[in-house]
Amino acid sequence: MAVGSVVVAVIVLALKLVAWWLTGSVALFADALESVVNVAAALAALAAVRVSARPADANHPYGHHKAEYFSAVLEGALILVAAFIILHECWAALNNPRSIELTATALLVAGLATACNAAWCWVLFRRGRALRSPALLADGKHLLSDVVTSGGVLLGITLAAMTGLGWLDPLMAALTAGNILFSGVGLMRESFAGLMDEAPPPQTLARIRGVVAANAEGAIEAHDLRMRQAGRNSFIEFHLVVPAAMTVADAHVICDRLEAALRADLGEAVITIHVEPEGKAKHSGVLVL
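Each chain has its residues counted from 1, following the order in which its sequence is written. Where local features are concerned, this predicted model is filtered to residues with pLDDT of at least 70; where side-chain atom pairs are given and counted, the filter is 80 or more; whole-chain, interface and lining totals use all residues. Where side-chain values are given, they derive from all heavy atoms of the structure, hydrogens and water being excluded.

Visitor: Describe a nonpolar patch on the surface, with residues and values.
Guide: Patch criteria: residues need more than 30% relative accessible area and no salt bridge. Like-charged residues are merged within 9 Å; nonpolar side chains of Val, Leu, Ile, Met, Phe, Trp and Tyr are merged within 5 Å. Here the accessible surface of atoms and residues is derived via Shrake-Rupley with a 1.4 Å probe, and residues count as covered only by protein chains that are part of the display. We count a salt bridge whenever a side-chain nitrogen from Lys or Arg sits within 4 Å of a carboxyl oxygen from Asp or Glu. Taken together, Trp91, Leu94, Leu165, Trp167, Leu171 and Leu175 make up a surface patch of nonpolar side chains, about 640 Å² in accessible area. Only α3 (67–95) and α6 (168–195) provide two or more residues apiece to the nonpolar patch. Put simply, DSSP marks the helices as runs of H or I at least four residues long and the strands as runs of E at least two long, and each gets a number from the N terminus on. One can find leucine 175 in helix α6.

This is the structure in structure tokens:
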């Protein structure tokens, strides 16, 4: 998937450069510049996916999954740089308006580039969610932003050519820059959240509680539930209170059952369960009995 992103990014960049060369539009230049970022981001995602796939070792006992977040942070930073370069070009174009030579060929080439991005964006979202890959999802979100801005750019340059209002071209380029700025900030925020072990959404914790309650028969309660995400891997830990007379072997059976149920629901996960006697019950959290 990551290699595919590199190939698609290079093809789309080539198409957008051709469209810009045919028209001289600053908005299409802005769109092509964002595709340069796409190529760099796709290469970074490829490197990050390769690193994250490495198994845990002595220096990284929890694995290398967080490498994908670094790729997403880099992509967000590149997006911000591209946006400021585009805004600089917009200012130059407003001070020195240029005529746009809009042809059917240029529109076809630009439209083909947008269609390629839209199709690959759908693939990235589908596979990124299935693989729980922050790098692929970040690439997909960036491409979605690219598709939206490319559609706006095509509309803007068409209106500029039809009406003769040259300022519409840099205006659409500025709107493109604003949109990718918003996308870049959001992408970096999500990536930093992963690096800082931010808690998952409440609905995810509620789902885990439901799985524990449904599969902890024989225990009394589960409390102090915590979860963090590292790339596609989940880390879950909680305390499980069992009757004081229960043997270690019986408590272990319950833990095995809980781990299997959680992995069946969440996929790849590292689960830590601290077993406690009933005197440690807090009468809060997940009540099993």
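Visitor: How would you explain helix α4 (residues 104–131) if you had to name every residue and give the values?
Guide: Between the first and last residue of a helix there are one fewer steps than residues, each counted as 1.5 Å, and that sum is the expected span. Counted at 1.5 Å a residue, the expected span for α4 with its 28 residues is 40 Å, and the 40 Å between its end C-alpha atoms agrees. Positive backbone phi, approximately 50°, marks arginine 132, located one or two places after α4.

Visitor: So what about the pairing of strand β2 (residues 233–242)? Which residues, and what values?
Guide: Of all ten residues that make up β2, eight are buried, and the element is covered over most of its length. Direction of pairing for strand β1 (residues 221–230) relative to β2: antiparallel, over a ladder of eight bridges. Within β2, the position partnered with arginine 228 by the bridge is phenylalanine 235. Here, any two strands with at least 2 DSSP bridges between them count as paired. Across nine bridges, the pairing between β2 and strand β3 (residues 269–277) is parallel. For glutamate 237, the partnering residue across the bridge sits in β3 and is threonine 272. Handedness is read with the strands pointing away from the viewer; a crossover is right-handed when the path from the first strand over the helix to the second is clockwise. Between the parallel pair β2 and β3, the chain is carried across by helix α8 (residues 248–266), and the sense of this crossover is right-handed. Only protein chains enter the calculation, and the probe is 1.4 Å; a residue is then buried if its accessible area is under 20% of its type maximum, exposed if over 50%, and partly exposed in between.

Visitor: Report on the side chain of serine 234, specifying residues and quantitative values.
Guide: Tracing the chain through its elements places serine 234 in strand β2. Contacts are assigned to residue pairs that have any heavy atoms within 4.5 Å of one another. For serine 234, the contacting residues outside a window of four places in its chain are Arg132, Met227, Arg228, Gln229, Glu268, Ala269 and Val270.

Visitor: I'd like a rundown of empty space enclosed by the protein, residues and numbers included.
Guide: Any residue with an atom within 4 Å of a point lines the site, the site being either a cavity, points on a 1 Å grid over the protein atoms alone where a 1.4 Å probe fits but cannot get out, or a pocket, an open set with protein on both sides within 12 Å along at least 5 of 7 lines. Grid points are joined across faces, edges and corners, and a volume is the space filled by probe spheres set on the points. Across all of its chains, the model carries two cavities of 30 Å³ or more by this definition. Taken as a whole, the largest cavity holds about 50 Å³ of empty space. For the largest cavity, the full set of lining residues is Ser5, Val8, Ala9, Asn38, Ala42, Asn117, Trp120, Asp139 and Leu143. Among the secondary structure elements, those contributing two or more residues to the lining of the largest cavity are α1 (2–23), α2 (26–52), α4 and α5 (134–163). In terms of residue class, the lining of the largest cavity is built from five nonpolar, three polar and one charged. For this classification, the nonpolar set comprises Ala, Val, Leu, Ile, Met, Phe, Trp, Tyr, Cys and Pro, the charged set comprises Asp, Glu, Lys and Arg, and every other residue, Gly included, is treated as polar.

Visitor: Any chance you could break down the packing of aromatic side chains for me, citing the residues and the numbers?
Guide: Stacked, edge-to-face and tilted are the three classes for Phe, Tyr and Trp ring pairs, Trp counted by its six-membered ring, which pair at centre distances within 6.5 Å; planes under 30 degrees apart are stacked, over 60 edge-to-face, the rest tilted. Summed over the entire model, instances satisfying the criterion amount to zero aromatic pairs. The ring of phenylalanine 235 has arginine 228 sitting right over it, with the charged end atom 4.1 Å from the ring centre. We call a charge positioned over a ring when the NZ of a Lys or the CZ of an Arg lies within 6 Å of the ring centre and within 35 degrees of the ring normal.

Visitor: Quick rundown of helix α7 (residues 202–215)? Include the residues and the values.
Guide: For α7, built from 14 residues, the straight-helix expectation of 20 Å at 1.5 Å per residue is met to within 8% by its first-to-last C-alpha distance of 20 Å. For α7, the set of buried residues is Thr204, Ile208, Val211 and Val212. The arc that holds every buried residue of α7, seen down its axis, measures 95°, which confines them to one face. In α7, those exposed residues whose orientation departs by more than 90 degrees from the buried face are Pro202, Gln203 and Ala214. Directions from the helix axis toward the C-beta atoms define the arc.

Visitor: Before we move on, can you summarise the packing of α7 against α8 with the specific residues and values?
Guide: In contact at an axis separation of 9 Å, α7 and α8 are set at 145° when each is read in the N-to-C sense. As for how α7 packs across α8, the hand of that crossing is right-handed. On α8, the residues touching Arg207, Ile208, Val211, Val212 and Asn215 of α7 are Arg257, Leu258, Ala261, Leu262, Asp265 and Leu266. Residue composition of the contact of α7 with α8, by class: seven nonpolar, one polar and three charged. With axes taken as lines fitted to C-alpha atoms, and helix axes fitted only over the stretch in contact, angles between N-to-C directions fall between 0 and 180 degrees. Take the far helix as the reference: if the near one is turned anticlockwise from it by less than a right angle, the crossing is left-handed, and if turned clockwise, right-handed.

Visitor: Let's hear about the layout of surface pockets: which residues, and what values?
Guide: Roughly 160 Å³ of internal volume is contained in the second largest pocket. In this structure, the second largest pocket is lined by Tyr62, Arg226, Met227, Arg228, Phe235, Ile236, Glu237, Val270 and Thr272. Of the residues belonging to the lining of the second largest pocket, the class tally is five nonpolar, one polar and three charged.

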